[in-house]
Amino acid sequence: QVQLVESGGGLVKAGGSLRLSCAASGRTFSRNAMGWFRQAPGKERDIVAAISWDGRNTYYADSVKGRFTISRDNGKNTVYLQMNSLKPEDTAVYYCAADSKAYGMAYATYEYDYWGQGTQVTVSS
């Protein structure tokens, strides 16, 4: 059974930092793109960042460029999201996702086949 388990969410003041982790089990994703998405109440789930299987290609939503960094450790089957200079508008449930296609890059929710349960990030002003 494939599982993606996020951790590292919580409550932080504006300007603070959090580091999210997503540990995969049940299969390896070392040849697959992975991504982070977020969903605020009443809004759609949007991509935050994505990373290619080898970490050479990354993508960031405009709203997080320069503040968030996605990385991965294929040996640990884990992807990370370092979030700095957090703003109240970053408040959302953050989801980790994995693409089942090998060696590709994925940007949209429909391109991802495996999802974590989400972790809440709340940024207070």
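About the cut-offs
- In this numbering scheme, every chain counts its residues from 1 along its sequence in written order.
- Only residues with pLDDT of 70 or above have their local features reported here, since the model is predicted, and side-chain atom pairs are shown and tallied only from 80 upward, although totals for entire chains, interfaces and linings are computed over all residues.
- For the side-chain quantities, the full set of heavy atoms in the structure was used; hydrogens and water were omitted.
- Two cysteine sulfurs form a disulfide in these notes if their separation is within 2.5 Å.
- Secondary structure counts use DSSP, requiring at least four H or I residues in a row for a helix and at least two E residues in a row for a strand, with both numbered from the N terminus.
- Buried, partly exposed and exposed residues are distinguished by accessible area as a fraction of the type maximum, computed with a 1.4 Å probe on protein chains only: under 20%, between the cut-offs, and over 50%, respectively.
- Any pair of residues with heavy atoms lying within 4.5 Å of one another is described as a contacting pair.
- Between any two strands, at least two bridges found by DSSP are needed for them to pair.
- All axes here are fitted lines through C-alpha atoms, helices being fitted over the stretch that makes contact, and every angle between N-to-C directions spans 0 to 180 degrees.

### A look at the state of the cysteines
Using the criterion set out here, one finds 1 disulfide in the structure. The disulfide that involves Cys22 links it to Cys96, with 2.0 Å between the sulfurs. Here the disulfide of Cys22 and Cys96 is left-handed, its torsion about the S-S bond being about -75 degrees. Here Cys96 lies in strand E9 (residues 92-102) and Cys22 lies in strand E3 (residues 18-25), a separation of 74 residues in the sequence. The class of Cys22 is buried, set by a relative accessible area of 0%.

### Thoughts on the environment of Val121
For Val121, the position within the fold is in strand E11 (residues 119-124). Excluding residues within four positions of it along the chain, Val121 makes contact with Gly9, Gly10, Leu18, Leu20, Met83, Asp90, Thr91, Ala92 and Tyr94.

### Observations concerning the pairing of strand E4 (residues 32-39)
The element E4 is extensively covered by neighbouring structure, given that 7 of its 8 residues are classed as buried. Of the pairings in the sheet, the one linking E4 to E9 comprises 7 bridges and is antiparallel in character. For Phe37, the partnering residue across the bridge sits in E9 and is Tyr95. Looking at chain direction, E4 and strand E5 (residues 46-51) are connected through 5 bridges and run antiparallel. In the sheet register, Gly35 faces E5, and the bridge partner there is Ala50. Linking E4 back to E5 in an antiparallel pair, the connection comprises 6 residues, with Gly42 at a positive phi of about 80 degrees.

### Describing the sheet that holds strand E7 (residues 68-73)
The pairing of strands in a sheet comes from backbone hydrogen bonds and takes either a parallel or an antiparallel form. Read from one edge to the other, the open sheet built from 4 strands follows the order E1-E3-E8-E7, with strand pairing classed as antiparallel. Two strands close off the open sheet at either side, each with one partner strand: strand E1 (3-7) and E7. Taken over all neighbouring pairs, the strand axes of this sheet differ in orientation by 15 degrees on average, direction set aside.

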